[in-house]
Every structure is written in structure tokens, then in C-alpha cells.
Amino acid sequence: MRNTDYDQAQLAISMLKSAIYNLLSENKEEGMRNVDVARKLGIRGGIGPHTDIQHRDWISKTVLCMMEREEVVQQVGTRWFLLE
């Protein structure tokens, strides 16, 4: 079976979800902030010129929100936790 661009994108998202799940699993009690997830995974970034970057850490936030819709994680205040 030929690996399509769609398949590659889905694999990448799946790998990010797995990495985030593992991080949250290691920090069950205290949870993690989005910024901490992004730092740990080395996926910090933003939109705009380097002198005025906006929307930092949107990659991890997007994946966390996907996981929230899938009822895997929940946000409490500024921290994310695995759902039991």
C-alpha cells in the first residue's frame, strides 16, 4: 500500500498525541501547562516575524484540543490532565 501525504500527516499527529499522552502520564498529579508540553517536545514556535511572534505554542495547543475532543485529556485552569 502506498503511503500518501494524508497517511504521513495522520501518523505525525498520532505520534504527537502519543508523546503528549506520555508526558501527561508522567505528570498525573500536577498536570502540565501547554507551554511546558511545547518546551519538553521541542515544538515551541509562533506566527510572525522573529521580532513580534504571535500565537506561541499553537502546535501543542491544537493537539491538546484534539485530544480533549476525543475525551483523552481535560484542561483545568492553565493545566492539562489525562482523563481517568
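Report follows, based on the coordinates.

Rules and cut-offs
Residues numbered from 1 in each chain as written. Predicted model: local features only at pLDDT ≥ 70, side-chain atom pairs only at ≥ 80, totals over all residues. Heavy atoms only, no water. Pairing = 2+ DSSP bridges. Helix = DSSP H or I, 4+ residues; strand = E, 2+ residues; numbered from the N terminus. Salt bridge = Lys/Arg side-chain N within 4 Å of Asp/Glu carboxyl O. Buried < 20%, exposed > 50% of the residue type's maximum accessible area, 1.4 Å probe, protein only.

A separate point is the pairing of strand β3 (residues 79–82). Pairing of strand β1 (residues 32–33) with β3, which is carried by two bridges, proceeds in the antiparallel orientation. Of the residues in β3, the one forming a bridge with methionine 32 is tryptophan 80. One ladder, built from four bridges, connects strand β2 (residues 73–76) with β3; its direction is antiparallel. Bridge pairing in β3 links valine 73 to leucine 82. Counted along the chain from β2 to the antiparallel partner β3, the turn is two residues long, and its residue glycine 77 has a positive phi close to 65°.

Under the criterion given, the structure shown has four salt bridges. Between arginine 33 and aspartate 36 there is a salt bridge whose closest N-O contact spans 2.9 Å. Residue classification places arginine 33 among the partly exposed residues on the basis of a relative accessible area of 33%. Across the pair arginine 44 and aspartate 57 runs a salt bridge, and its minimum N-O distance is 2.8 Å. Taken together, the positions of arginine 44 in the loop between α2 (34–41) and α3 (58–69) and aspartate 57 in the loop between α2 and α3 put the pair 13 residues apart, joining distant regions of the chain. Note on arginine 44: relative accessible area 37%, which makes it partly exposed. Through salt bridges with shared partners, a single network forms among Arg33, Asp36 and Arg39.

Purely geometric numbers; function is a separate question.
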